[in-house]
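Breakdown of the fold
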Amino acid sequence: MAGLAAAFGSGAMTNTIADIEKADVILVAGSNTTENHPVLSAFVKRAVSFKGTKLIVADPRRIKLTTFADKWLRPNLGTDVAWINGLMHVIIKENLYDSKFIEERTENFEELKKTLEKYTPDYVESITGIPAGEIIEAARLYAGAEKGSILYCMGITQHTTGTDNVKSLANLAMLCGNLGIEGGGVNPLRGQNNVQGACDMGGLPNVYSGYQPVTDPEIRKKMETAWGVDGLPEKPGLVVTDMIPKAHSGDIKALYIIGENPLVSDPDLSHVETSFKHLDFLVVQDIFLTETAQMADVVLPSTCFAEKDGTFSNTERRVQRVRKAIDPPGEAWADWKIICEVSTRMGYEMNYESAEAIMEEIASVTPSYAGITYDRIEKEGIHWPCPTPDHPGTPVLHIGKFTRGLGHFHAIDYMPPAELADDEYPLYLTTGRLLYQYHTGTMTMKSDGLNEKAPKCYVEISPQDAKRFDLKDGSPVKVASRRGEITADVKVSEMAVDGTIFIPFHYAQAAANRLTNAKLDPIAKIPEYKVCAVKISKAA
Amino acid sequence: MAEENIITINGNELVFEPGETILEVARRNSIDIPTLCYLKGATPTGACRVCVVEVKEAKTLLTACTTPATTGMVVKTESKPVVEARKEIIELLLSSGNHNCAVRDSDNKDWTQFQLGVQEYDNSKELCPVWGDCRLQELAYRYQVTGKKFPGTKTKYPMETVNPMIVRDFSRCIHCGRCVQACNEIQVNNAISFGYRGADTKIVAAGDRPLVESDCVFCGECIQACPVGALVEKDARYKVRPWETQKVRTTCSYCGVGCQLELHVKDNQVVKVTGFDVPPNNGSLCVKGRFGYNFINHPDRLTKPLIKKNGEFKEASWDEALNLVASTLTTIKEKNSGDAIGVLTSARVTNEENYIANKFTRSVLKTNNIDHCARL
Ligand code: SF4
Ligand code: SF4
Ligand code: SF4
């Protein structure tokens, strides 16, 4: 997000899901699309199978999508900047770039060019393990497209260099003039249903709804008037990955957690657990007594999506209705109602008749949502920005002009991952999601059918590595990192690349995040889930 | 130019786009030509022949789904030969396999015999699980035909109940091929295809194995495409009848694609989910969106506020819990500062709720310490 915002002025998906089928070439990087965004992956598969679209997949694992790919780049873990720079080096050297677009719509191209000089295919091969010839061919393929679309996900962002990775993809797309057109773009795929909406609505420490900065005195004034308060804090707050160490050190005394389960999803879990124990007060609002809720002082029962009205904003910025279908169990309340009640008891009355009334307030203080009403999205959702009641919404961003004016090229050098394999921890671990489970499993693990297909945690390892460590398919192993260890069964699979094991992170009993590294990307503050060093041995 | 692209259907002169089929022109103009095998978004095959129409000067009836409209073409969609052809097609389909909804209309003795056979095959005494939600049944009523004209034929393939989530009932399969197209052309999962030939035709996963041992990813696109009762959700089969449920349209709560779907509600329970045909998903869903609904009515749901006393949770009233939260947060805010409090809002809750959390944190707690777990 931070990477795209720096390059274009907006961190959201530039194009729509439907646009994918209009591309000539699709580059999928660090996204196991068929498992994490299955319905969206069908757009990719249809384009490739029936419309002659070419597909480039960059992923260390042999994910399903590689079977549809014209080109599969298999980079060493954490070397994304290097291969992307390699593609751009070739595109510049062979003069395949869009000089008119660069001239008219971007800045800082010369800097980028200088940095790229040393990323020759041979040099890139030495870092990434991708054969030089493949880099050249992939570069020609992407640059040859009239409309090239880039899709990426956690495999790109969950690194200490995540922001750099994203900026590099933005560079690549601008270099070939693939922005502001149908079928093009740089498209981050959001993992959870309303990540986009949580960001849009000010669920971030530095901005109010619609990305209006808390540091801007005029914006603060506007919000103070709208909300009828004064003294809104001007200093940006803490991100989640900073809150936890601050809880540990005692600077944060209380946490109020709504519908999240950081006790399975956070990196370096053991540390999170002790941090939570240091808190004076923990409130958790959720639909189940999750691992996190069990540590709380007060648990407040909330409603799930089927029991309330509201909206979600999907990964393509489309604001869509959520409708109440059934009554909530027992005394569960909608999350907004709970917060309003707490607020009122703290002396600031919040009182809304309905979710729709809240949306009216959102529209009145949020320029990008200003034209959105429940009536307008009754049949079909609308893509923000939608600034006025008669605005049709904006499916494609950055047409004619970037949100920030000129697109900014960032000259970026490759940096190795924070933790490298060594003699003691000779393997890399990468984590991810499975088709049949979701996040920490609190919802999906309640369905027998889904559990039957994905019953428990496993450790995926290549046949070569299995031989090296003398491990049999299905046998229990212990995996340890510098931070913790877990036990699970081995799954020997061609999907894994030599030297790297994969563990799905959904399962609390063998939480992969006991192993992962909490080291953060310095800008986006996303932990390095995708690379850490581990050792593996037979479990007794 | 306009004059060149005109087709006459049932006496109406209609403009068509080059490349449009008779069916497409008709549907665009609200002329109802029935179909069974035709699947939106897939290549028309003309396999079931239910959409046949009479075209002037053509020697035979033509399938509307595959025949391109041409200039000067004159089409009749419900003429006598058309209706007779459709009747025969429907009668043949009804007589093959276990179509034990009322449309079979056989005399008592024959019916008892037949129903006993169905019961043995399906292990249920009830009438067809999709009664009331079946395209073939609808056609039987529309054209007033029954299955008794032709002798019933038996199915040689046993029902496949070993799969999670999906039951395959080969006795009610009409080989229209919609599931095959849904799997290969819409979802492109390439898990199923036509196997064997002639009377032995069967829809098979590779190697004629059960779905659970195949490449099937249980998206359920094939169930939604099946016009009859051959593919049915395992949990809803025989338990959910269409007239007992209400459908409420909403947005999937799993991933960021935001598929539009309908929750089927019976007695305040979500009992089935189907995709809704609008963007972004155009009717498609994945396994989580379609089958991951059991958490909603799960007994483990929290139903009362809980307060921890001496390390144990005790149920509390809302008043008690809310007062405790409000007073403790107020104390911390006054003793330390708002910045000693952090709020984690959620990618799981609505925009409205995130907005309220944002407003509460900044204007009441007086801190900007608010974030969500999306970076995780
Ligand atoms: S599949 Fe349709 S036609 Fe066949 S028995 Fe069921 S409802 Fe009747
Ligand atoms: S459930 Fe999906 S993958 Fe499986 S056979 Fe049906 S359409 Fe194909
Ligand atoms: S149905 Fe599947 S692809 Fe669609 S939003 Fe839900 S989880 Fe995502």
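Bear in mind that the values here come from a model prediction, so they are computed numbers and not experimental data. (Residues numbered from 1 in each chain as written. Chains lettered and ligands numbered in written order. Predicted model: local features only at pLDDT ≥ 70, side-chain atom pairs only at ≥ 80, totals over all residues. Heavy atoms only, no water.)

1. Observations concerning the domain arrangement of chain A
All names here are of chain A. Inclusion rule: Domain delimitation follows an automatic or database domain assignment. Take the accessible area each of two parts loses on contact, using a 1.4 Å probe, and add the two losses: that sum is the buried area. Any carboxyl oxygen of Asp or Glu that lies within 4 Å of a side-chain nitrogen of Lys or Arg is treated as forming a salt bridge with it. N or O atoms within 3.5 Å of each other form a polar contact, as long as, within protein, one can give a hydrogen and the other can take it, and as long as residues adjacent in sequence are counted only when both atoms are side-chain atoms. Helix and strand definitions follow DSSP, with helices as H or I runs of at least four residues and strands as E runs of at least two, each counted in order from the N terminus. Note on residue categories: nonpolar means Ala, Val, Leu, Ile, Met, Phe, Trp, Tyr, Cys or Pro, charged means Asp, Glu, Lys or Arg, and polar means any other residue, Gly included.
According to the domain assignment, chain A consists of domain 1 (2-189), domain 2 (195-383) and domain 3 (427-538). Computed from C-alpha coordinates alone, the two centres of domain 2 and domain 3 are separated by 30 Å. When the buried area of domain 2 at its contact with domain 3 is split by residue, V264, P267 and D268 rank highest and sum to 33% of it. For the pair domain 2 and domain 3, the number of links is one salt bridge. R514 is paired through a salt bridge with E273; the nearest N and O atoms lie 3.3 Å apart. The tally of links from domain 2 across to domain 3 stands at two residue pairs in polar contact (both at pLDDT 80 or more). Breaking the side of domain 2 that touches domain 3 down by element, the ones donating at least two residues are α13 (240-249), α14 (262-265) and α15 (269-277). Broken down by element, the side of domain 2 that touches domain 3 gets its largest block of residues, three residues, from α15. Across the side of domain 2 that touches domain 3, the residue classes tally to five nonpolar, five polar and six charged.

2. Topic: the sheet that holds strand β10 (residues 246-251) of chain B
Residues and elements named next belong to chain B. The criterion, for reference: The pairing criterion for strands is at least two bridges between them, as found by DSSP. The angle between two axes is taken between their N-to-C directions and runs from 0 to 180 degrees, where each axis is a line fitted to C-alpha atoms and a helix contributes only its stretch in contact.
Read across the sheet, three strands follow the order β10-β11-β12 without closing on themselves; strand pairing throughout is antiparallel. Every other strand in the sheet has two partners, leaving β10 and β12 (269-275) as the edge strands with one partner each. Neighbouring strand axes in the sheet, compared pairwise and without regard to direction, differ in orientation by 30° on average. Inspection of the sheet shows β10 paired to strand β11 (residues 260-266) by six bridges, in the antiparallel sense. Its bridge partner lying in β11, K247 is registered against H264.

3. Quick notes on the site of ligand 1
Put simply, the rule reads: Being near a molecule or strand, for a residue, comes down to having at least one heavy atom within 4 Å of it.
In the vicinity of ligand 1, the contacting residues are L94, H99, N100, C101, C128, V130, C134, L136, Q137, V228 and G229 of chain B. Per-class residue counts for the shell around ligand 1 are seven nonpolar, four polar and no charged.

4. Re the site of ligand 3
Close to ligand 3 lie P38 and V39 of chain A together with C252, Y254, C255, V257, G258, C259, L285, C286 and G289 of chain B, which account for all nearby residues. Ligand 3 sits at the junction of chains A and B, each of which supplies nearby residues. Its residues placed into classes, the shell around ligand 3 shows nine nonpolar, two polar and no charged.

5. Comments concerning helix α17 (residues 335-345) of chain A
We count it as follows: Burial classes: relative accessible area under 20% of the type maximum marks a residue as buried, over 50% as exposed, and values in between as partly exposed (1.4 Å probe, protein chains only). Whether two residues touch is decided by their heavy atoms; if any such pair falls within 4.5 Å, the residues are in contact.
Among all positions of α17 of chain A, only D335, W336, I338, I339, C340, V342 and S343 of chain A are buried. Those residues of α17 of chain A hidden inside the fold are in contact with β9 (254-258), β10 (281-286), β11 (298-301) and α18 (355-365) of chain A together with α8 (318-335) and α9 (351-363) of chain B.

6. Brief notes about the nonpolar core
Basically, it comes down to this: Remark: nonpolar core denotes a set of buried residues (Ala, Val, Leu, Ile, Met, Phe, Trp, Tyr, Cys) joined through side-chain atoms within 4.5 Å.
Within the largest apolar cluster, 70 residues are counted, with the highest numbers of intra-cluster contacts made by V479, I501 and I503 of chain A together with L136 of chain B. Residue contributions to this core peak at five residues, all from helix α2 (residues 80-95) of chain B. Apart from the residues within four sequence positions on either side, I501 of chain A is in contact with L427, Y428, L429, T430, V459, E460, I461, V479 and V534 of chain A.

7. A closer look at the pairing of strand β17 (residues 458-461) of chain A
Residue and element names in this part refer to chain A. Of the two faces of β17, the one lined by Y458 and E460 and the one lined by V459 and I461 are each fully buried. One ladder, built from four bridges, connects β17 with strand β19 (residues 485-492); its direction is parallel. Counterpart to E460 in the pairing with β19 is K491.

8. Focus on the pattern of salt bridges
Applying the stated rule across the entire model yields 54 salt bridges over all chains. For K40 of chain B, the salt bridge is made with D277 of chain B, and the minimal N-O distance between the two is 2.7 Å. You can see K40 of chain B sitting in the loop between α1 (22-28) and β3 (52-55) and its partner D277 of chain B sitting in the loop between β12 and α7 (287-291), a full 237 residues away along the chain. Notably, a salt bridge pairs E160 of chain B with R168 of chain B, separated by 3.0 Å at the nearest N-O pair. With respect to burial, E160 of chain B and R168 of chain B carry one shared label: buried. Overlapping salt bridges, with partners in common, bring together E419, D422, R482 and R483 of chain A in one network.

9. Some thoughts on the interface of chain B and chain A
Facing the 111 residues of chain B at the interface are 153 residues of chain A. Counting each side, the surface lost to burial between chain B and chain A is near 11000 Å², with a carbon and sulfur contribution of 64%. Counting every contact that joins chain B to chain A gives six salt bridges. E361 of chain A is the partner of K359 of chain B in a salt bridge, and the nearest nitrogen-oxygen pair spans 2.9 Å. Applying the counting criterion to the chain B and chain A interface returns 66 residue pairs in polar contact (both at pLDDT 80 or more). Tallied by class, residues from the side of chain B that touches chain A come to 57 nonpolar, 36 polar and 18 charged. Pairing geometry for β9 of chain A and strand β15 (residues 341-345) of chain B, over four bridges, is parallel. Each residue of the ladder has a partner; that of A254 of chain A, found in β15 of chain B, is I341 of chain B.

10. A word on the side chain of S475 of chain A
Residue and element names in this part refer to chain A. Here S475 lies in the loop between α20 (463-468) and β18 (476-480). From its side chain, S475 meets the backbone oxygen of K472 in a polar contact 2.7 Å long. Beyond its immediate sequence surroundings of up to four residues, S475 is in contact with A488, D489 and V490.

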